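So the chains spell out like this:
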Amino acid sequence: MSTAMNFSAKSFTPRPPDKGAFPLDHFGECSAFKERFMECLRQSGYESAACRHSAMAYLECRMDRQLMANEPLEKLGFKDLISEKSEEKPEKS
């Protein structure tokens, strides 16, 4: 009980989380990407692994329009999809 009445302790200053807090897309700049992702989820029986390309495109849209912090896609769990993209591109000689 005495610990609850300790007024000399430092006060807690709340701060937003590092991940997960980002501006809403009020102007619908990425709504087409979101709808493609949601349609993919519906068609795949809500199996998110089947829709990773759509999810990556949606996150790229949000980052391009400063609706979320820029993060390397590798850190967001898309490292394997990025390596697939680079393998598809023919090398210029």
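Residues numbered from 1 in each chain as written. Predicted model: local features only at pLDDT ≥ 70, side-chain atom pairs only at ≥ 80, totals over all residues. Heavy atoms only, no water.

**Topic: the state of the cysteines**
Counted by the stated rule, this structure contains two disulfides. Paired through a disulfide, Cys30 and Cys61 show a sulfur-sulfur distance of 2.0 Å. Taking the sign of the S-S torsion, about -90° here, the bridge from Cys30 to Cys61 comes out left-handed. Here Cys61 lies in helix α2 (residues 52-64) and Cys30 lies in the segment before α1 (31-43), a separation of 31 residues in the sequence. The disulfide partner of Cys40 is Cys51, and the gap between their sulfur atoms is 2.1 Å. Residues Cys40 and Cys51 share a disulfide whose torsion about the S-S bond is about -95°; that sign makes it left-handed. Separated by 11 residues along the polypeptide, Cys40 in helix α1 and Cys51 in the loop between α1 and α2 bring together distant segments of the chain. This pair shows no difference in class: Cys40 is buried, exactly as Cys51 is. Among the cysteines of the protein chain that take part in disulfides, numbered as they appear in the sequence, the pairing is 1-4, 2-3. (Disulfide = S-S within 2.5 Å. Helix = DSSP H or I, 4+ residues; strand = E, 2+ residues; numbered from the N terminus. Buried < 20%, exposed > 50% of the residue type's maximum accessible area, 1.4 Å probe, protein only.)

**Points about the confidence of the model for the protein chain**
Close reading of the predicted structure is inappropriate where its pLDDT is low. This prediction gives the protein chain a mean pLDDT of 81; 67% of its residues lie at or above 70. Element-level pLDDT for the protein chain is lowest in helix α3 (residues 79-88), with a mean of 74, against a maximum mean of 96 in α1. (pLDDT = per-residue confidence, 0-100.)

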